[in-house]
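# Architecture at a glance
One-letter residues, chain by chain:
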Amino acid sequence: METGWPMHPEQLVFVGNAREHIGAFGTMDNSKLHLVFPGDQISLRGALAKSKTFLRDLGFSQDQIGPVELVLAEAVNNIIEHAYSDDVHGVVDVSITCVDGDLLFRIMDDGLPMPGDQAPAGMAHDLNCDLIDLPEGGFGWFLIRELTCDLVYTRTGNRNRLEFRVPLTGRTT
Amino acid sequence: MELTLNDTGDVRVITVADNRIDAAVAIQFKDKMRELTESGPARILLDMTNVDFLDSSGLGAVVAVMKQVGVDRSFELAGLTASVQKVFSLTRMDTVFTIHTDVQAAIGNGLANAS
């Protein structure tokens, strides 16, 4: 499948099985970024870089962009490791929409459902322990929960959908 | 994952040359750090000045390194950028690690004698 810029109209429609859309491409109009990329770490780095450029071009500061990059990385890492179990080369679909200065996110994949069909609560760890007992993992969902609002996980057919809002620095809602 | 090493006096300063410690490189980081800290000075300082992104995988790897260094030696961090510091403070890992503003603050005039 042909990749690159500019896109043909038929490539902009996300329909059917996500695996059909192999290769990274994106659309960028004034207020929306849409990326579809393979579920691997190198492609994720590219998607994060494109996301940061998009936000910088909209005038967001590094202080505002930092948490966005972190949340996207954590959410997609979870998809790569758990939904796609590191074995299957699936595709990840990320949309970032800026509406009235608010950042709305939608992340989709065609992998396994989340355990219990719900997004993890992401409890904080108790760090009051011996050095050897310090946790080395399990921070991802905690960070996502800390930095997002209105997080919703839904599954329709084979597709997982995670939606959330990242409030801008200085805003508490 | 590129790490450079500089022993000054009784401190081993390990500088992360990469600007990301993320899921893509966390395991390599952990493995290379294990090699670089297996022996040498009892005080180890990780210079993270170049690192502008650390995710939970990267944090986990840094924790793993501290555990591997153990209780009889010290493992400290220096030069955390704002985004990286935020990950440590959100997870409260900043209460577990000794974090210096920069390498200079950590080892004082030791740098002047670096070879």
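Residues numbered from 1 in each chain as written. Chains lettered and ligands numbered in written order. Predicted model: local features only at pLDDT ≥ 70, side-chain atom pairs only at ≥ 80, totals over all residues. Heavy atoms only, no water.

## Comments concerning the overall build of chain B
To be explicit about the condition: Numbered from the N terminus, helices here are DSSP runs of H or I no shorter than four residues, and strands are runs of E no shorter than two. For the radius of gyration, the atom set is restricted to C-alpha positions; the globular benchmark scales as 2.2 Å times the number of residues to the power 0.38. Exposed residues in this analysis have more than 50% of their type's maximum accessible area, buried residues have under 20%, and partly exposed residues fall in between, with area computed by a 1.4 Å probe over protein chains only.
Counting its regular elements, chain B contains 4 helices and 7 strands. From first element to last, N terminus to C terminus, chain B shows the α and β order β-β-β-α-β-β-α-β-α-β-α. Whereas a compact globule of 115 residues would reach a radius of gyration of roughly 13 Å, chain B reaches 13 Å, a difference of no more than 12%. Reported as C-alpha extents along the three principal axes, the dimensions of chain B are approximately 35 × 25 × 25 Å. Per-residue burial over chain B gives 50% buried out of 115 residues.

## Considering helix H1 (residues 26-37) of chain B
Residue and element names in this part refer to chain B. Stated precisely, the cut-off is as follows: By this rule, a helix spans an expected 1.5 Å times one less than how many residues it contains. Each direction from the helix axis to a C-beta atom contributes to the arc, which is the arc of those directions. Pairs of residues are marked as contacts when any of their non-hydrogen atoms sit within 4.5 Å.
With 12 residues, H1 extends 16 Å between its outermost C-alpha atoms, agreeing within 8% with the 16 Å of an ideal straight helix rising 1.5 Å per residue. Considered for burial, the residues of H1 that qualify are Ala26, Phe29, Met33 and Thr37. All buried residues of H1 fall inside an arc of 55° around its axis, so they share one side. Looking at H1, the residues exposed on the side facing more than 90 degrees away from the buried face are Ile27 and Glu35. If you follow the buried residues of H1, they end up packed against strand S1 (3-8), strand S2 (11-16), strand S3 (20-21), strand S4 (43-47), helix H2 (56-69) and strand S6 (74-78).

## Details of the pairing of S1(B)
Note on strand geometry: in a regular strand, side chains alternate between the two faces of the sheet. All names here are of chain B. Basically, it comes down to this: Two strands qualify as a pair provided DSSP detects at least 2 bridges between them.
Bridge analysis of S1 against S2 gives 6 bridges, and the strand direction is antiparallel. Within S2, the residue paired with asparagine 6 across the bridge is valine 13. Taking the residues between adjacent antiparallel strands as the criterion, S1 and S2 are bridged by 2 residues, where glycine 9 takes a positive phi near 65°.

## Comments concerning the packing of H1(B) against H2(B)
Pairs of packed helices are described in terms of their axes, by the angle between the two and the distance that separates them. Residue and element names in this part refer to chain B. The condition is simple: For helices, the axis comes from a line fit to the C-alpha atoms of the stretch in contact; other axes are also lines fit to C-alpha atoms, and the angle between any two N-to-C directions lies between 0 and 180 degrees. Any angle that falls under 35 degrees is termed roughly parallel, while one over 145 is termed roughly antiparallel, one within 65 to 115 roughly perpendicular, and all others oblique. The sense of a crossing depends on the near helix, which, turned anticlockwise from the far helix by less than a right angle, makes the crossing left-handed and, turned clockwise, makes it right-handed. Residue polarity follows a fixed list, in which Ala, Val, Leu, Ile, Met, Phe, Trp, Tyr, Cys and Pro are nonpolar, Asp, Glu, Lys and Arg are charged, and the others, Gly among them, are polar.
For the pair H1 and H2, the least separation of the axes is 9 Å and the interaxial angle reads 20°. Relative to H2, H1 is oriented roughly parallel. With respect to the hand of their crossing, H1 and H2 are arranged in right-handed fashion. On H2, the residues that touch Ala26, Phe29, Lys30, Met33, Arg34 and Thr37 of H1 are Ser57, Gly58, Ala61, Val62, Ala64, Val65, Gln68 and Val69. For the contact of H1 with H2, the class distribution of residues is 8 nonpolar, 4 polar and 2 charged.

## Some details on the interface of chain B and chain A
Accessible area lost upon the coming together of the parts is a frequently used measure of interface size. Selection rule: Salt bridges are defined as contacts in which a side-chain nitrogen from Lys or Arg sits within 4 Å of a carboxyl oxygen from Asp or Glu. Here a polar contact means two N or O atoms within 3.5 Å. Within protein one must be a hydrogen donor candidate and the other an acceptor candidate, and residues neighboring in sequence count only if both atoms are side-chain atoms.
Each partner contributes to the interface: chain B provides 28 residues, whereas chain A provides 24 residues. At the boundary of chain B and chain A, one finds 3 salt bridges. A salt bridge links Glu136(A) to Lys67(B), with the shortest nitrogen-to-oxygen separation between them at 2.9 Å. For the interface between chain B and chain A, the tally reads 7 residue pairs in polar contact (both at pLDDT 80 or more). Per-class residue counts for the side of chain B that touches chain A are 14 nonpolar, 7 polar and 7 charged.

## Regarding the nonpolar core
As a reminder of what qualifies: Buried Ala, Val, Leu, Ile, Met, Phe, Trp, Tyr and Cys residues form a nonpolar core when they are joined through side-chain atoms within 4.5 Å.
Core analysis: the largest hydrophobic core is formed by 77 residues, its most contacted members being Ile107(A), Phe29(B), Phe75(B) and Phe88(B). With 11 residues, the single largest contributor to this core is helix H2 (residues 62-83) of chain A. Among residues more than four places away in sequence, those in contact with Ile107(A) are Leu72(A), Ala75(A), Val76(A), Ile79(A), Val92(A), Asp93(A), Val94(A), Asn160(A), Arg161(A), Leu162(A) and Phe164(A). Among the nonpolar cores identified, the runner-up in size contains 7 residues, and Val11(B), Leu45(B), Val103(B) and Ile107(B) belong to it.

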